[in-house]
Amino acid sequence: MAGRLSLAEVDLTCSICCDIFRDPVVLKCSHSFCSPCLQQYWTQKVQKRDCPLCRTQSLDDPVPSLTLKTLCESCVMEEEEDEAAEETGQDLYCEPSELCPVHGERLKLYCQQDKEPICVVCHTSKKHKRHDCCPVSEAVVDAKEKMKSALSSLQEKRDTFDKMKKNYEDTVAHIQAQARFVERRTHEEFEKLHRFLQDEEESRMNALRRDEEQKSAEMRQKIEEMERNISSLSETITALEEEMALEDIPVLHRCKRTLARVNCQIEDCQVEDGMGRLTPGVLIDVAKYVGSLAFHVWEKMRKLAKYTPVTLDPNTAAPWLVLSDDLTSVHDSDEKQKLPDNPERFDPDTAVLGRWGLGSGQHAWVVNVGDNTAWVVGVAKESVKRKEKVSSVLSNGYLCVYYYHKMYFAGTSPLTRLNLKNAPQKIRVQLDCDKGKVSFFDPHSNTNIYTFKHAFTEAVFPYLWVGCQDCPLTVEPTEVSLTFGENR
């Protein structure tokens, strides 16, 4: 059998049985043999334990050679594959990538240290000697497992990126929807202002035209009166001139009658002192119409343009909440809206904050709670947790009063039960940041409901929590007063 072995297979042949090693062992002299062959050889030698090749005495037990065993098993497997291929008539052609570029042998082993496939000759070379190797088939299985794990990791990352991309796309769509909402609301508000200004301009123009017509009519009436007087006097003057043209006795006969008629007409057309002087108020009061015109128009506009001290911030509103278009009212709902999960938004708490943080000075606003069956009104610190359900109490950054299960509470730790004589329809919140006080009042009776005393180290925001779908919480508009100087 040795005559038909290749050079590589000769290197894997036992010198005793001349066959490929079975359970190879190595002696101290570095020669290898089949374990059964060596034991049989030593049995024939009785007590002598020498190497069959170099006759070196071996006092130690032979050591199993796992690497050599792996090489031999790989060689046997290759032979079996070749025999099977011959029996089935398969082509023994190998792809160039399957052959060792140095020795031209098949790449049957995988060097685990150098991370590359090698042939049997490579394994016996200096480059790979004593390196741990395994059959290529095992290395392929391991490589595929690693690739499968890497593939799974990449797919998970891709799925994560897909979700992030979808989230960003939804956010872009929401931003665009917000922009369209702002455009619509801005157009509506300016349309109101335009209509008001147009109506105010038309009203003032109509008043001016009426004033002009009235005063002009009065002047035309006086002009007509003067024209009648002038015409009458002109006739009398003509008659008097004609009579003056007469001579002698006829002048005397008509003189008495003519002078009496002239004197009577002079008395009827008597002109007061200051001939042609106009009466007061005959002219248009220009100053009334154009003096501080824009200010007086704005003064009337204040009734149209209401001021609300707190504007709700939709970017903080929980997905279940529905806000009014003017951002002054909020109520609960059953449907969770598809909104971006931005850091400012409350979720799952059904809460919303006012738009502006308050860090100094005095502030007040009134919330109409009406018949709402579950509500919280007050202020919240900027640092409150918004992505978990927490008790709205002082230790968590809230200073509020509660109405729940037909009972009133103050948000202390623990909660303080409030015994109110009458159920308030409105709650007035008074905040004094400088003195560190938040007070709650019933504006109808002006009675104090509760007062917190707390030093503010950060900005606080108006806070509303609502658990009722039928009745909203609404921030009431505030009357704005003007202070004038002495020379108005």
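Residues numbered from 1 in each chain as written. Predicted model: local features only at pLDDT ≥ 70, side-chain atom pairs only at ≥ 80, totals over all residues. Heavy atoms only, no water.

- If you check an unreviewed UniProt entry, the chain appears there as (Atlantic silverside) hypothetical protein from Menidia menidia.
- For the chain, the Subcellular location (unreviewed entry) comment in UniProt is given as "Cytoplasm".
- The Sequence similarities (unreviewed entry) comment attached to the chain in UniProt states, word for word, "Belongs to the TRIM/RBCC family." (UniProt positions renumbered as here; feature names shortened; annotations may be inferred.)

### Details of unusual backbone geometry
Here is step 1: Omega for the bond connecting Asp347 with Pro348 falls within 30 degrees of zero, at 20 degrees, which places this linkage in the cis form.
Here is step 2: Position of Pro348 relative to the elements: it lies in the loop between strand 8 (329–331) and strand 9 (351–353).
Here is step 3: Looking along the chain, the bond that leaves Ser413 and enters Pro414 is cis, with omega of -5 degrees.
Here is step 4: Within the secondary structure layout, Pro414 lies in the loop between strand 13 (407–410) and strand 14 (416–418).
Here is step 5: Non-glycine residue His405 carries a positive phi angle of around 50 degrees.
Here is step 6: Of note, His405 is situated in the loop between strand 12 (398–404) and strand 13.
Here is step 7: On the basis of relative accessibility, which here comes to 59%, the residue His405 falls in the exposed class.
Here is step 8: For Lys406, which is not glycine, the phi torsion reads 60 degrees and is therefore positive.
Here is step 9: Relative to the helices and strands, Lys406 is located in the loop between strand 12 and strand 13.
Here is step 10: For Lys406, a relative accessible area of 73% puts it in the exposed group. (Helix = DSSP H or I, 4+ residues; strand = E, 2+ residues; numbered from the N terminus. Buried < 20%, exposed > 50% of the residue type's maximum accessible area, 1.4 Å probe, protein only.)

### Some words on a nonpolar patch on the surface
Here is step 1: A cluster of nonpolar side chains, Phe161, Met164 and Tyr168, forms an exposed patch at the surface whose accessible area comes to about 330 Å².
Here is step 2: Note that Met164 resides in helix 5 (residues 136–244).
Here is step 3: Using a relative accessible area of 34% as the deciding quantity, one classes Met164 as partly exposed. (Patch = residues over 30% accessible without salt bridge, like charges linked within 9 Å, V, L, I, M, F, W, Y side chains within 5 Å. Areas by Shrake-Rupley, 256 points an atom, 1.4 Å probe, with all protein chains shown as cover. Salt bridge = Lys/Arg side-chain N within 4 Å of Asp/Glu carboxyl O.)

### Topic: the sheet that holds strand 14
Here is step 1: Read across the sheet, 6 strands follow the order 9-18-11-12-13-14 without closing on themselves; strand pairing throughout is antiparallel. Sheet topology places strand 9 and strand 14 at the edges, where each strand pairs with a single neighbour. The mean angle between the axes of side-by-side strands here comes to 25 degrees, regardless of whether they run parallel or antiparallel.
Here is step 2: Note that strand 9 and strand 18 (residues 460–466) share 3 bridges and pair antiparallel. When the sheet's bridge partners are listed, Leu353 is paired in strand 18 with Tyr463. (Pairing = 2+ DSSP bridges. Axes fitted to C-alpha atoms, helices over the stretch in contact; angles between N-to-C directions.)

### Concerning the nonpolar core
Here is step 1: Ranked by internal contacts, the top residues of the largest apolar core, which has 52 residues, are Val330, Trp375, Val438, Tyr463 and Leu464.
Here is step 2: Not counting the four nearest positions on each side in its chain, Leu464 is found in contact with Leu312, Val330, Thr350, Ala351, Val352, Val367, Val376, Val377, Leu473 and Val475.
Here is step 3: Phe21, Val25, Cys111 and Val120 belong to the second largest nonpolar core, which has 26 residues in total. (Core = buried A, V, L, I, M, F, W, Y, C linked by side-chain atoms within 4.5 Å. Contact = heavy atoms within 4.5 Å.)

### Focus: the pairing of strand 15 (residues 426–432)
Here is step 1: The buried fraction of strand 15 is high, at 5 of 7 residues.
Here is step 2: As paired elements, strand 10 (residues 362–368) and strand 15 share 7 bridges and run antiparallel to each other. Its bridge partner lying in strand 15, Val366 is registered against Arg428.
Here is step 3: Pairing of strand 15 with strand 16 (residues 437–442), which is carried by 5 bridges, proceeds in the antiparallel orientation. Bridge pairing links Arg428 to Phe441 in strand 16.

### Digging into the packing of aromatic side chains
Here is step 1: Applying the stated criterion across every chain, the model contains 8 aromatic pairs.
Here is step 2: Look at Tyr398 and Tyr463: their rings are 4.9 Å apart centre to centre, the planes differ by 65 degrees, and that puts the pair in the edge-to-face class. Of the two residues, Tyr398 is situated in strand 12 and Tyr463 in strand 18; the sequence distance between them amounts to 65 residues.
Here is step 3: On the numbers, 4.9 Å between centres and 65 degrees between planes, the contact of Tyr450 with Phe452 is edge-to-face.
Here is step 4: Under the relative-accessibility criterion, Tyr450 is labelled partly exposed at 22%.
Here is step 5: Residue Phe452 is classed as buried on the basis of its relative accessible area of 4%.
Here is step 6: It is Arg302 that lies over the ring of Trp298; its NZ or CZ is 6.0 Å from the centre.
Here is step 7: A cation over an aromatic ring shows up here: Arg355 above the ring of Trp356, its NZ or CZ 4.3 Å from the ring centre. (Phe/Tyr/Trp six-rings, centres within 6.5 Å; stacked < 30°, edge-to-face > 60°. Lys NZ or Arg CZ within 6 Å of the ring centre and 35° of its normal.)

### Overview of a negative patch on the surface
Here is step 1: A contiguous patch of negative charge, built from Asp23, Glu73, Glu138, Asp142 and Glu145, is present on the exposed surface.
Here is step 2: Broken down by element, the residue count for the negative patch peaks at 3 residues, all from helix 5.
Here is step 3: By the element assignment, Asp23 lies in the loop between helix 1 (7–11) and strand 1 (24–26). (Lys, Arg positive; Asp, Glu negative; His and termini not counted. Charge placed at Lys NZ, Arg CZ, Asp CG, Glu CD.)

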